[in-house]
Structure formats: structure tokens, C-alpha cells
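Descriptive analysis of the structure
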Amino acid sequence: MSVFTRSQADREALLLPELASLTAHHRANSEGYDRILSSLGIAPSESFATIADLPWLPVRMFKTHDLKSVPDSEVFKTLTSSGTTGAGASRIYLDKESAGAQTKQLGATLQEVLGGERLPMLMVDTIGIIKNRRSFSARGAGVLGMANFGRKHTYVLDENDKPDVEAVKKFLAEYGDKPFLIFGFTFMVWLYLYEVARDNGLDLSNGILIHSGGWKKLIDRAVDNTEFRRRFKEDTGLTRIHNYYGMIEQIGTVFLEGPSGNSLYCPDFADVVIRNPETWEEQPVGEPGVIEVVSTLPTSYPGHVLLTEDLGVYNGIDDGDWPGKHFSVLGRLPKAEARGCSDTFSGAAA
């Protein structure tokens, strides 16, 4: 069953009550979250007319505060982010129920482009990344989360992080004549799969590539999304390519690139708000702003409405491959602005 079905009006009508009740749930169960909302002058009885009216947390709050809505005894898994910005790592606490829900909904989202069967899978990474099962890095969590959707996993990199060309050739000889899944982070897919496939004349035409992780490492190679898709198509035959946008602070929710490329879509249980960085009002289509991500999945921690540190723009509403808003990520906010977003809250959270 597709999870890309809801028009924007339906989404607003169906998700708003659920999100408002999640706000109340987290308030009642997370003292830190309640304190933040109280200090912002948001009364427990407050009602919200639209999804954009819901109170948001800056995503970096999870780097500086322990926020959870379940007792310690019910914490089933703790995820940590990569924390490359020097602000420490986010800690995300999942109980059994929320861990199950995020796995299930990630599966439903990806099924839209993968179909119902588990496909043979090329992992553009090294097996070393998933060795510690209890506490993952963001990259390890991403790799392990995606591994569930494939079978016959072959890792493109050997133990020394060097491309294992023979392993890839063997995989393609065995499974390359039918649909197969490829997963990796964007820059690794470019460096370790595209360049290896191009240089070795490998045929990836039956592949379905799911990739994520931003473009900044490819800027010096002058590769953007359009160029990435064009070169894969021309040099390897790969045309089914889906970028996605997601973060560990809203694990299980991914905004998936549609078949036509260059626009990300919200699954039915999620939404996106692009905000003006000065007024915080919602931006119209075509006007860049700060991306807020909204999801009904986070029940064990107050991560249901998050202001990211990314810039984005609506490309349209109810006029793309799938219904609802569709958008592009334009890159990270400049550091000062990102800090500014969270400074709004730093007094509140003390």
C-alpha cells in the first residue's frame, strides 16, 4: 500500500490532530520539553490551527539536552548522530514500540520504489561500519537500517576501505540481469561506485539506487543532482535513482525523491514546512528558507516537529510525481544563522 497518497489538504486535516496530541503527550512525559514550551509562553491548553503553528525544536537541542518521553527502563535502543559540527552528538532514545514503528514506516516508504520483494543488494560501504550493534553512528545506523530491505548483501569496499572491483563484478554476474538494490551515501556512491563502474565498463541498468547524505563533498567535482543522474545514466545505464533526505533525530521518516528527479516528497505520516529565517513565517513556493520536518513517528522522544539547519525550497504543492508538498534541499545554513536558530531557544532550555 502506497504511503504517498495524501493531498496537502488531507494531510493537514489528518496529521494536525495527531501532532497536537503528540505535543501534549511529550509535554506530559518529558520534563525538559515541557520546560522549553512553557518558557516560550506556550500554554498546555493552547490549540494549533495549522501544522505550521505547532511549536518546533531546533534539531541541535538533541546534542545538548537529554530529551525523552519514556522512563529509562523502557529505553530499547539509543542512537547517536555523527556530531561532526563539534556540538557533540545527538542522542535519540527509542522504546520497543517506536523502534518497531520507524522500521515499519521506513519499509513502507521505500516499498514505493523497491516493490514488495527483498532484492539482492550492493552496499556502497564497508562491513566494518556496522560492527557495534548497541550504539551506532549515523552512518552505521543508515547502513544497517537499509540492509533490512535487501538480501545477498555485497559490500563494495573491502576492510581497508578500497573498492573491491572483483566482488562487484561477481555480484553483477550473479544478480545483475534482474532488479537489484544499491544503497550508499551520495559522495561514496560517486567515488566508489560510479567511478569504478565507469572505469570498468560495468552495467548497472537493472539497479535501483537509494542514496543520501548531501552534496557538499562533491562540489569540488562540480557534481550536482542533475549531473549525478545524467552521468550514471550515460556511463552505467542506471536510471532508477532516488535521493532521500532524513536525519537520525527523526529516524524512520525519509523524504524520497520522486521518479522524475530533483524533488523530495513527504510520506503520508510526515510533512515539511519551509520558514523565512527572519520572520519564521511559512515561505511561498519558490522562496528559500529553513527546513522544518514534521512526523508522527517520534513517540518516545519529542522529535515530531524539528527545525533543521538546512536550507530548502518548495518546488510545488500537489503538482508533482506524488501528492503533497515537494521540495529541494539547497544546503546547510551558514553557521551563524544555524546558531541563531538555536539561540532563539538557548535561554528557554536552560
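Now for a quick tour of the structure. In this text the structure is predicted, and so the values were computed from the model without any measurement.

Across its full length, the protein chain holds 9 helices and 14 strands. Counting only residues that meet the buried cut, the protein chain has 53% of its 350 residues in that class. Of all intrachain contacts in the protein chain linking residues separated by at least 6 positions in sequence, the fraction that spans at least 24 positions is 69%. Carbon and sulfur atoms form 50% of the exposed surface of the protein chain, whose accessible area is close to 15,200 Å².

Our focus in this paragraph is the packing of helix α1 (residues 8–29) against helix α2 (residues 31–39). Closest axis-to-axis distance for the α1/α2 pair is 5 Å, and the angle between their directions is 115°. As summarised for this structure, α1 and α2 are arranged roughly perpendicular, according to the angle between their axes. Relative to α2, the crossing made by α1 is left-handed. The residues of α2 that touch α1, namely those facing T23, H26, R27 and N29, are E31, Y33, D34, L37 and S38.

Looking at the secondary structure, you find V70 in the loop between α3 (61–64) and β2 (77–80). Spatially, the C-alpha atoms of V70 and N29 are 6.8 Å apart, while their sequence positions differ by 41 residues. Not counting the four nearest positions on each side in its chain, V70 is found in contact with V75, D95 and S300.

Here the focus is the environment of E166. Locating E166 in the fold gives a position in helix α6 (residues 165–175). Judged by its relative accessible area of 54%, E166 is exposed. Linking E166 and V156, residues 10 residues apart in sequence, is a C-alpha distance of 9.2 Å.

We now examine α6. Those residues of α6 not exposed but buried are V168, F171, L172 and Y175. Mapping the buried residues of α6 onto a view down its axis gives an arc of 95°, with all of them on the same face. Away from its buried face, by an angle of more than 90 degrees, α6 presents the exposed residues E166, K170 and A173. The secondary structure elements touched by the buried residues of α6 are β4 (119–123), β5 (150–155) and β6 (180–185).

Under the definition given, this model contains 16 aromatic pairs. Judged by centre distance (5.9 Å) and plane angle (85°), the rings of F62 and Y301 are edge-to-face. A residue pair is termed long-range when its members are at least 10 positions apart, and F62 in helix α3 and Y301 in the loop between β12 (289–295) and β13 (305–317) qualify at 239 residues. Members of the aromatic cluster, connected to one another through ring pairs, are W190, Y194, F228 and F232. Just above the ring of Y93 sits the side chain of K68; from NZ or CZ to the centre is 4.6 Å.

All told, the structure shown has 16 salt bridges when counted by the stated rule. Between D199 and R198 there is a salt bridge, with the nearest N and O atoms lying 3.0 Å from each other. Taking relative accessible area as the criterion, D199 reaches 55% and is therefore assigned exposed. By sharing partners, the salt bridges in this structure join R60, E309, D310 and R332 into a single network.

This part is about α1. Taking 1.5 Å as the rise per residue, α1 with 22 residues should run 32 Å; its terminal C-alpha atoms sit 30 Å apart, in good agreement. At L15, α1 shows its largest kink, close to 35°, and the proline P17 lies no more than four residues downstream. Within the sequence span of α1, burial applies to Q8, R11, L15, L16, L19, L22, T23, H26 and R27. Tucked inside the fold, the buried residues of α1 contact α2, β11 (270–275), β12, β13 and β14 (325–332).

When you line up the elements, Q250 lands in the loop between β8 (240–245) and β9 (255–257). You can call Q250 buried: its relative accessible area is 2%. Residues within four places of Q250 in sequence aside, it is in contact with F255, V293, V294, S295, P298, Y301, G303, H304, V305 and L306.

Two elements in contact, helix α7 (residues 186–200) and helix α8 (residues 225–236), have axes separated by 10 Å at closest approach and are oriented at 25°. In this view, α7 runs roughly parallel relative to α8, as classed from their interaxial angle. As for the relative orientation of α7 and α8, their crossing is left-handed in sense. Contacts between α7 and α8 pair T186, V189, W190, L193, Y194, A197 and R198 from the former with F228, R231, F232, D235 and T236 from the latter. When grouped by side-chain class, the residues that make up the contact of α7 with α8 number 7 nonpolar, 2 polar and 3 charged.

What follows covers the nonpolar core. Judged by nonpolar contacts, the single largest core of 46 residues is most densely connected at I51, Y245, F255 and F327. Secondary-structure elements contributing two or more residues to this core are α1, α2, α3, β3 (91–94), β11, β12 and β13. The residues touching Y245, leaving out its near neighbours within four places in the chain, are T253, V254, F255, L264, I291, V293, T308, D310, F327 and V329.

What counts, and where the lines are drawn
- Residues numbered from 1 in each chain as written.
- Predicted model: local features only at pLDDT ≥ 70, side-chain atom pairs only at ≥ 80, totals over all residues.
- Heavy atoms only, no water.
- Helix = DSSP H or I, 4+ residues; strand = E, 2+ residues; numbered from the N terminus.
- Buried < 20%, exposed > 50% of the residue type's maximum accessible area, 1.4 Å probe, protein only.
- Contact = heavy atoms within 4.5 Å.
- Areas by Shrake-Rupley, 256 points an atom, 1.4 Å probe, with all protein chains shown as cover.
- Axes fitted to C-alpha atoms, helices over the stretch in contact; angles between N-to-C directions.
- Parallel < 35°, antiparallel > 145°, perpendicular 65-115°, else oblique.
- Left-handed = near helix turned anticlockwise from the far one by under 90°.
- Arc of directions from axis to C-beta.
- Phe/Tyr/Trp six-rings, centres within 6.5 Å; stacked < 30°, edge-to-face > 60°.
- Lys NZ or Arg CZ within 6 Å of the ring centre and 35° of its normal.
- Salt bridge = Lys/Arg side-chain N within 4 Å of Asp/Glu carboxyl O.
- Expected span 1.5 Å × (residues − 1).
- Bend = angle between axes of the 7 residues up to and from the residue.
- Nonpolar A, V, L, I, M, F, W, Y, C, P; charged D, E, K, R; others polar.
- Core = buried A, V, L, I, M, F, W, Y, C linked by side-chain atoms within 4.5 Å.

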